Amino acid sequence: MNRRLLLSQMSGLAVGALLPPELTHAAGQLAVGAALGVDWGLAFADQDGDLAPAPMKRMSGACPAGLAGSLYRNGPGKFRRPGGSAAHWFDGDGLMRAFRIRDGEASLAARFVDTHKRQTDAAANAVVTPGFGTPGRPGGRAESADDANAANISVMPVAGELWALWEGGSPTVMNAGDLSTRGVKTLRPDLAHMPFLAHPKAEPEGDIWNLGVTGDKALVWRVGRDGALVSAETIDLPCASYIHDFSASERWLVVILQPLIQDKITLPFIDRFTWKPTEPTRVLVIDKADLGSRRIYELPAFFAFHFGPAWAEPDGTIRFDACVSADPAFATRGAREVLKGDWTPTPPPVLALITLAPDGQGRLERTPVNAEFPRNDPAMSGWPRAMTIHATGDGATPLFHGVATYNWSTHGSDGFDFGPAHLVEEAVFAPRTGGAGELNGWLLASSVNLVARATELHVFEAARLADGPLCTWRADVALPIGLHGAFVPA
Ligand SMILES: [Fe+2]
């Protein structure tokens, strides 16, 4: 559907019913947004070059005392070239943003990851490199996975560096100061160019665990906080699922194998997979101390990009949160449509709790809360926690326009909806120095203000989102909307 046509129809949609009660005022705001003629295509426009560090203008409020550091955010930022363009949102060149908060004010810089793919496509004046949903063109080279590595999904701060992460190839190391690219990270010579997912799971004071997936094999990476490889071991998976993320507790690795199954070799990558909703979603639980020790649970079929870290309860029950959809329509269709300015209104994912009981029974419980980009207080990762941070929206337009938390103990939501003038990015938690308890600190939520045509950064007290932002800064440019971020305190 053409987005102008969609906008003209939006005022009649009963979107409020899909939102948590705290957020229902968005329905009225959507009608206002349609009247304003906001154009969400701005969030998927090209950024044509790097952005030198520049102060952001404080629009309201005051930066809370004690908040200082850098919010790094990665995401695709350049899609179109004269000789041919990316066909899928996930195939834009990785653009690393740095929001820096210092002395109560904020600045914004952005720099493209200088990947082989970007160099090749720039030289060809066309997107010739094959990708997640882009087939590639003559001149594209993919002799190793890192030839196609867009380094565009997430960012992991490691030992003073930034690792820009894709999922089919190596991390790409960047300078955390000036965002210059140092090159792909080879953790061990014989493992060069091996896949490394964009969602590593860091133990609060321990190692970083990750997977690299090829068909029905996974490489289990264990990396120290100094960035050095501790171990890498290959395991067999029960099936060749599409895996974007996984879960882990203090003791267990939890690999979710949804029935989006690779059954052919072709390009682009996502076309290798077939959705088989009559098959279960399998969950593989592996002991970190013995990767050969495993249990498999079965759940009804669902699709999910993202999972929160798991925790174990005293009786051995494992739980973790997920943002689940009925099918992979966004990955296969929606993320292609958005680059063309089209959008088929789609039910967003909902927040769910997955329970793996000691008796071998698995359970998936969906909440009514629309949710994507689940995050948590990183100090609690792998340990029992109550809170999930997430983005929320209604599916009438792409992506999300609210930030929220969900409390698994009370089943209560807290949130703030920016309304249709904004598309929000994943919110990231910034802890209060010396603070005790879960989510004691701030949420940093960036958005693309579609009316002001500018990128904004909003700070919330994490425990009181409904109060609205404590502080909002605005850049004088609108960067395309990004995917995942990380905060590094000053
Ligand atoms: Fe992701």
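Residues numbered from 1 in each chain as written. Predicted model: local features only at pLDDT ≥ 70, side-chain atom pairs only at ≥ 80, totals over all residues. Heavy atoms only, no water.

### Overview of the overall build of the chain
Looking only at helices and strands, the chain features 4 helices and 34 strands. Computed over C-alpha atoms, the radius of gyration of the chain comes to 21 Å, within 12% of the 23 Å expected from 2.2 N^0.38 for 490 residues, which places it in the range of a compact globule. For the chain, the spread of C-alpha atoms along the three principal axes comes to 55 × 55 × 45 Å. Across the 490 residues that make up the chain, the buried fraction comes to 60%. Looking at the chain alone, contacts between residues at least 24 apart form 59% of all its contacts between residues at least 6 apart. Accessible surface, the chain as shown: approximately 17900 Å² in total, 52% of it carbon and sulfur. Both charge centroids of the chain, one from 43 positive and one from 53 negative side chains, sit 4 Å from each other. (Helix = DSSP H or I, 4+ residues; strand = E, 2+ residues; numbered from the N terminus. Rg over C-alpha atoms; globule rule 2.2 N^0.38 Å. Buried < 20%, exposed > 50% of the residue type's maximum accessible area, 1.4 Å probe, protein only. Contact = heavy atoms within 4.5 Å. Areas by Shrake-Rupley, 256 points an atom, 1.4 Å probe, with all protein chains shown as cover. Lys, Arg positive; Asp, Glu negative; His and termini not counted. Charge placed at Lys NZ, Arg CZ, Asp CG, Glu CD.)

### What to know about the nonpolar core
Core analysis: the biggest nonpolar cluster contains 63 residues, and Phe-44, Trp-89, Trp-163, Phe-196, Leu-443 and Ile-481 have the highest contact counts within it. Within the residue set of this core, elements represented by two or more residues are strand 6 (154–158), strand 7 (161–165), strand 12 (217–223), strand 20 (303–307), helix 4 (329–337), strand 26 (387–392), strand 29 (422–424) and strand 31 (441–449). Apart from the residues within four sequence positions on either side, Phe-44 is in contact with Phe-79, Arg-80, Trp-89, Val-338, Leu-339, Pro-398, Leu-399 and Ile-481. Within the second largest apolar cluster, 23 residues are counted, among which are Met-56, Trp-442, Trp-473 and Phe-487. (Core = buried A, V, L, I, M, F, W, Y, C linked by side-chain atoms within 4.5 Å.)

### A word on the environment of Ala-462
Here Ala-462 is to be found in the loop between strand 32 (454–461) and strand 33 (471–474). Looking at Ala-462, the relative accessible area reads 2%, which means it is buried. Separated by 73 residues in sequence, Ala-462 and Ile-389 place their C-alpha atoms 9.0 Å apart.

### Re the coordination of the iron ion
Protein ligation of the iron ion involves His-199 (NE2), His-244 (NE2), His-306 (NE2) and His-484 (NE2), the donor distances falling in the range 2.0 to 2.1 Å. In this structure, the iron ion is coordinated by 4 donor atoms arranged in irregular fashion, with angles at the metal of 91 to 163°. (Donors = N, O, S within 2.8 Å, 3.2 Å for Na, K, Ca; no water. Tetrahedral: all angles 85-135°; square planar, octahedral: opposite > 155°, others 65-115°.)

### Observations regarding the sheet that holds strand 8 (residues 172–175)
With antiparallel pairing, the 4 strands of this open sheet are ordered in space as 6-7-8-9. The sheet is open, and its two borders are formed by strand 6 and strand 9 (181–184), each paired with just one other strand. Averaged over all neighbouring strand pairs, the angle between strand axes comes to 25°, with direction disregarded. Inspection of the sheet shows strand 7 paired to strand 8 by 4 bridges, in the antiparallel sense. Directly across from Leu-162, in strand 8, lies its bridge partner Met-174. (Pairing = 2+ DSSP bridges. Axes fitted to C-alpha atoms, helices over the stretch in contact; angles between N-to-C directions.)

### Here we look at the sheet that holds strand 3 (residues 69–73)
The strand order 1-5-4-3-34 describes an open sheet built from 5 strands, whose pairing is antiparallel. Every interior strand has two partners, whereas the edge strands, strand 1 (51–55) and strand 34 (485–489), have only one. Going across the sheet, the axis of each strand differs from the next one's by a mean of 15°, ignoring polarity. In terms of strand pairing, strand 3 meets strand 34 through 5 bridges, oriented antiparallel. Residue pairing for strand 34: Arg-73 is matched across the bridge by Gly-485.

### Considerations on the pairing of strand 31
Regular strands show a simple pattern: their side chains alternate between the two faces of the sheet. Burial analysis of strand 31 places 9 of its 9 residues in the buried class, which makes it a mostly covered element. In this sheet, strand 31 lies alongside strand 30 (residues 428–431) in antiparallel orientation, the contact comprising 4 bridges. By the bridge assignment, Val-428 is partnered in strand 31 with Leu-444. Hairpin connection from strand 31 to strand 32: 4 residues lie between these consecutive antiparallel strands, with Arg-453 at a positive phi of about 55°.

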